[in-house]
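# Structural description and commentary
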Amino acid sequence: ANADYIPALAKVDSNLFGIVVITTDGKIYSAGDVTSEVSIQSISKVFTMARVMEDSGTEVITENMGVDATGQVFNSIVAIEQYQGQEMNPMVNPGAIATTSMVKGGNEKAIWKNIIDTYDDFAGRKLTVMEDIYTSEAATNQRNQALAMLMYAYGRIEKAPLEATDIYTRQCSVGVNAKDLATMAATLANGGKNPVTGKTVVSHEIIPEILAVMATAGLYDDSGQWLYKTGLPAKSGVGGGILAVSPGKFGIAAISPPLDAAGNSIRAQRAIADIANALGGNPYDPAPK
Ligand code: GLU
């Protein structure tokens, strides 16, 4: 079923289904509904992390929240308590909100501009916030506020934890279609250069670390199962999108709102796994010489 802990997500058309593959030389292959938008949700975490790594270096992530799987759900309070806000990663909510709090900018507006400009460059077009999703999530995100306050208490968020939560909620509400997500994935697959627009979005030096975090924790508690099946660094969101990266080859994304128990889109997982494997996308599958 669609996610419903954010009330507006329950109302999204469950039949929406689109798939796009974009190669690192910019060829686009698509099927289904590739223009309808869903909220990006957790997939945004990858691109905010990319912004922070690009501006402040990859070590700020390892030194702050870390890059390990928590073994707990994505919005776990226990995971923070266990290691005082460390030994987790930027793909789970406490690590993601802490990452958002590290984006440079003198005020909320400047921080937001840094974030949305980054997403726009990855997607190759201007993206906008789905205000109904933002309003719905902002009214019901007390748990994320609690996570942020706890990270603040442990010194993992240095200032304004509730402002960081609000910006995080806004970044999760950005509307994307399947082609946007595939372009974002293809930019990662192409070493940080958008293969459709030709723009260098982030430097290629940080791509291995970004992909490693995605591989470790991109599909919630099923990240290991996903890696086992596909070998692909990927990220899912409760809006129903998943993107995956075949390094040097292609980015692939699918959108379909109904989720499994782990919170990953059922159709998107199946479509991406089948297509990526058929295309020889698994980086752990070398041909013998
Ligand atoms: N905005 C959602 C939350 O923080 C994102 C969750 C997700 O996609 O995993 O609960």
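For the structure, see preceding data.
Starting afresh in each chain, residues are numbered from 1 along the sequence in its written order. For a predicted model such as this one, the threshold for reporting local features is a pLDDT of at least 70, and the threshold for listing and counting side-chain atom pairs is 80 or more; totals across whole chains, interfaces and linings nevertheless cover every residue. Excluding hydrogens and water, the side-chain values take into account all heavy atoms of the structure.

On to the sheet that holds strand S1 (residues 18-23). The pairing criterion is simple: DSSP has to find at least two bridges between the two strands. Only runs of H or I of at least four residues qualify as helices and only runs of E of at least two qualify as strands under DSSP, and these elements are numbered from the N terminus. The sheet built from five strands is open, its strands ordered S2-S1-S7-S6-S5 with antiparallel pairing. Each of the sheet's edge strands pairs with one partner strand only, and the pair in question is strand S2 (28-32) and strand S5 (234-236). When the angles between neighbouring strand axes are averaged without regard to direction, this sheet yields 10 degrees. Bridge count for S1 against strand S7 (residues 250-255) is six bridges, and the pairing is antiparallel. Its bridge partner lying in S7, Val21 is registered against Ile252. Of the strands in this sheet, S1, S2, strand S6 (241-246) and S7 are in contact with helix H9 (residues 178-189), which crosses S7 at around 155 degrees. To get an axis, fit a line to the C-alpha atoms, keeping to the stretch in contact for a helix; angles then go from 0 to 180 degrees between the N-to-C directions. Throughout, a contact is declared for two residues whenever any of their heavy atoms are within 4.5 Å.

Attention now moves to a nonpolar patch on the surface. Together, Met149, Tyr152 and Leu162 line one region of the surface with nonpolar side chains, adding up to about 280 Å² of accessible area. Counting through the fold element by element, Leu162 comes out in helix H8 (residues 161-172). Patches in this entry comprise residues that are over 30% relatively accessible and not in a salt bridge; like charges within 9 Å are linked, as are nonpolar side chains (Val, Leu, Ile, Met, Phe, Trp, Tyr) within 5 Å. Shrake-Rupley sampling with a 1.4 Å probe provides the accessible areas, and residues are treated as covered by the protein chains on show and by no other component. The working definition used for a salt bridge is a side-chain nitrogen of Lys or Arg within 4 Å of a carboxyl oxygen of Asp or Glu.

This part covers helix H5 (residues 108-123). Each helix should span, by expectation, one fewer than its residue count multiplied by 1.5 Å. Spanning 16 residues, H5 covers 22 Å between terminal C-alpha atoms, matching the ideal 22 Å at 1.5 Å per step. In the core, the buried residues of H5 are packed alongside helix H1 (44-56), helix H4 (93-101), H8 and H9.

Only rings of Phe, Tyr and Trp enter the pairing, Trp through its six-membered ring, and a pair is recorded when the two centres are within 6.5 Å. The plane angle decides the type: under 30 degrees is stacked, over 60 is edge-to-face, the rest tilted. Within the structure shown, the criterion is met by four aromatic pairs. When the centroid spacing of 6.3 Å and the interplanar angle of 55 degrees are considered together, the rings of Tyr5 and Phe74 count as tilted. Here Tyr5, found in the segment before S1, pairs with Phe74, found in the loop between helix H2 (59-63) and helix H3 (77-83); they are 69 residues apart in sequence, far enough to count as distant. By relative accessible area, which is 43% here, Tyr5 ends up partly exposed. Phe74 sits in the buried class, given a relative accessible area of 18%. An aromatic cluster is built from Tyr5, Phe74 and Tyr220, whose rings are joined through pairwise contacts. Consider the ring centre and the ring normal. A charge sits over the ring if Lys NZ or Arg CZ is within 6 Å of that centre and within 35 degrees of that normal. One Lys or Arg, Lys235, reaches over the ring of Tyr220 and ends 4.6 Å from the middle of that ring. Burial classes follow relative accessibility: with a 1.4 Å probe on protein chains only, a residue under 20% of its type's maximum area counts as buried, one over 50% as exposed, and anything between as partly exposed.

Turning our attention to the side chain of Gln41. Within the fold, Gln41 resides in the loop between strand S3 (38-39) and H1. For this analysis, a polar contact is any N or O atom pair within 3.5 Å, provided that within protein one partner can donate a hydrogen and the other can accept it, and provided that sequence-adjacent residues contribute only side-chain to side-chain pairs. Here the side chain of Gln41 touches Glu137 through a polar contact of 3.5 Å, side chain to side chain. Beyond its immediate stretch of four places on either side in the chain, Gln41 contacts Ile6, Leu9, Ile133, Glu137, Cys172, Gly237, Val238 and Gly239.

Here we take up unusual backbone geometry. Both trends apply: most residues other than glycine have a negative phi, and most peptide bonds are in trans. One non-glycine residue, Glu87, adopts positive backbone phi at about 55 degrees. With respect to the element layout, Glu87 can be found in the loop between H3 and H4. Glu87 gets classed as partly exposed once you look at its relative accessible area, which sits at 40%. Positive phi is not limited to glycine here, since Ala160 has a value of about 45 degrees. Looking at where Ala160 falls in the secondary structure, it is placed in the loop between helix H7 (142-153) and H8. Ala160 sits in the partly exposed class, given a relative accessible area of 34%.

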